[in-house]
Amino acid sequence: MLKGLYGVTDSHLLPDDNSLLHAAGQALHGGMKVLQYRDKSNDQQKRLRQAGALKVLCHQHQAILIINDDVELAAAVEADGVHVGQSDASVAEARTRLGDYAIIGVSCGGSLELAQQAVSAGANYIAFGKFFESKTKPDAKTAELSVLSQARQRFDVPVVAIGGITIDNAFQITEAGADMIAVVNNLFATPDIQLRARELSALYQ
Ligand SMILES: Cc1ncc(COP(=O)(O)OP(=O)(O)O)c(N)n1
Ligand SMILES: Cc1nc(C(=O)O)sc1CCOP(=O)(O)O
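Residues numbered from 1 in each chain as written. Chains lettered and ligands numbered in written order. Predicted model: local features only at pLDDT ≥ 70, side-chain atom pairs only at ≥ 80, totals over all residues.

A short note on the pairing of strand β7 (residues 159–162)
Every second residue of β7 is oriented toward a common face, with V159 and A161 on one face and V160 and I162 on the other, all of them buried. Pairing analysis gives four bridges linking strand β6 (residues 125–129) to β7, with the strands arranged parallel. Looking at β7, one finds that G129 is bridged to I162. Chirality of the crossover, the property in question, places the unit of β6, helix α6 (residues 146–154) and β7 among those that are right-handed. Of the crossover connections in this fold, the one passing from β7 over helix α7 (residues 170–175) to the parallel strand β8 (residues 180–183) is right-handed. (Buried ≥ 20, exposed ≤ 12 C-beta atoms within 10 Å, placed from the backbone. Helix = DSSP H or I, 4+ residues; strand = E, 2+ residues; numbered from the N terminus. Pairing = 2+ DSSP bridges. Right-handed = clockwise from strand over helix to strand, strands pointing away.)

Pasting the structure below:
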């Protein structure tokens with residue numbers, strides 16, 4: 001089962017190509033296993049260029065690139081997969097477009113029922129959150145830590161945790177059974193991204 005650090009980029013934090021690629025490179029050197037390209041802008045040219053460059057970089061490090069929300073962008077850059085929320089494309093739609101080998105992750109909030117639906121539809125991982133106050137997405141609903149251990153026992157796909165995870169609270173998440181910790185701010189807004197990636201990855205060694 002895939003385990004470790006799952007970095008999520010944020011277009012406000014890493015607005016240009018240089019900052020994005022530098023930050024991603026540092027996190028990959030620090031041991032990040034999965035990178036999600038999360039860009040909320042409408043600049044399609046920029047999104048295509050950045051996602052394509054990230055794919056090359058991730059594959060140089062034997063890491064996985066996931067595209068947030070946008071199945072067509074994932075197809076265009078031949079990313080490893082896509083992450084969809086409850087109001088995005090369905091797992092079935094993403095699977096039809098991206099094929100059998102694509103990695104499809106689904107946001108389940110704090111709900112085991114949504115997780116069951118996602119797994120039954122063929123999701124390759126399920127994500128729960130938020131667990132702590134999040135600077136990136138302050139309005140996300142809070143999930144109970146216990147959902148992680150319950151999901152770990154019930155499902156055979158990796159359980160990903162997201163939302164306010166930092167180097168100081170991440171052990172609560174790993175102890176609860178999450179296979180991957182998904183982090184934006186505490187990874188990409190730190191002065192030494194490579195060191196932070198190494199510290200967060202060490203929780204799985
Ligand atoms: C790993 C992971 N988990 C949850 C989310 C949230 O996805 P979504 O519900 O689609 O919300 P936005 O990211 O689009 O704001 C995620 N991106 N990654
Ligand atoms: C993108 C996202 N989704 C969440 C959810 O709960 O579904 S929380 C979140 C933001 C995570 O960023 P940070 O690590 O800075 O808190």
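There's plenty left to go through after this.
Remarks on the packing of helix α1 (residues 17–29) against helix α2 (residues 44–60)
Viewed as axis vectors pointing N to C, α1 and α2 meet at an angle of 20°, and their least axial separation amounts to 11 Å. Put simply, α1 runs roughly parallel to α2. As α1 packs across α2, the resulting crossing turns out to be right-handed. In this structure, α1 uses D17, L20, L21, A24, G25 and L28 to contact α2, whose residues at the interface are Q50, A53, L54, L57 and C58. Broken down by class, the residue content of the contact of α1 with α2 amounts to eight nonpolar, two polar and one charged. (Axes fitted to C-alpha atoms, helices over the stretch in contact; angles between N-to-C directions. Parallel < 35°, antiparallel > 145°, perpendicular 65-115°, else oblique. Left-handed = near helix turned anticlockwise from the far one by under 90°. Contact = placed C-beta atoms within 7 Å. Nonpolar A, V, L, I, M, F, W, Y, C, P; charged D, E, K, R; others polar.)

Looking at α6
Within α6, the full set of buried residues consists of V147, L148 and A151. In a view along the axis of α6, the buried residues occupy a sector of 100°, so they form one face of it. Turned more than 90 degrees away from the buried face of α6, the exposed residues are S146 and Q153. Contact partners of the buried residues in α6: α5 (112–120), β6, β7 and α7. (Arc of directions from axis to C-beta.)

Observations regarding the site of ligand 2
The full set close to ligand 2 counts 17 residues, and G129, S134, T136, V184 and N185 are the nearest of them. A per-class count over the shell around ligand 2 returns six nonpolar, eight polar and three charged. (Near = placed C-beta within 6 Å.)

Comments concerning the site of ligand 1
The local shell around ligand 1 holds 15 residues, among which G85, S107, A127, I162 and A182 are the closest. Within the residue set of the shell around ligand 1, elements represented by two or more residues are β5 (103–107), β6 and β7. Here the shell around ligand 1 is composed, by residue class, of five nonpolar, seven polar and three charged.

Some words on the UniProt feature "binding site: Mg(2+)" (unreviewed entry) in the protein chain
Residues annotated by UniProt as "binding site: Mg(2+)" (unreviewed entry) correspond here to D69 and D88. These annotated residues cover 20 residues of sequence, but their C-alpha atoms sit close together, with the largest distance between any two at 6.2 Å. Residue position: D69 is located in the loop between β3 (64–68) and α3 (71–76). Owing to 18 C-beta atoms within 10 Å, D69 belongs among the partly exposed residues under this scheme. Once residues lying within four places of it in the same chain are set aside, the contact partners of D69 are V84, G85 and D88. In this structure, D88 sits in the loop between β4 (81–84) and α4 (91–98). Residue D88 is classed as partly exposed on the basis of its 17 C-beta neighbours within 10 Å. (UniProt positions renumbered as here; feature names shortened; annotations may be inferred.)

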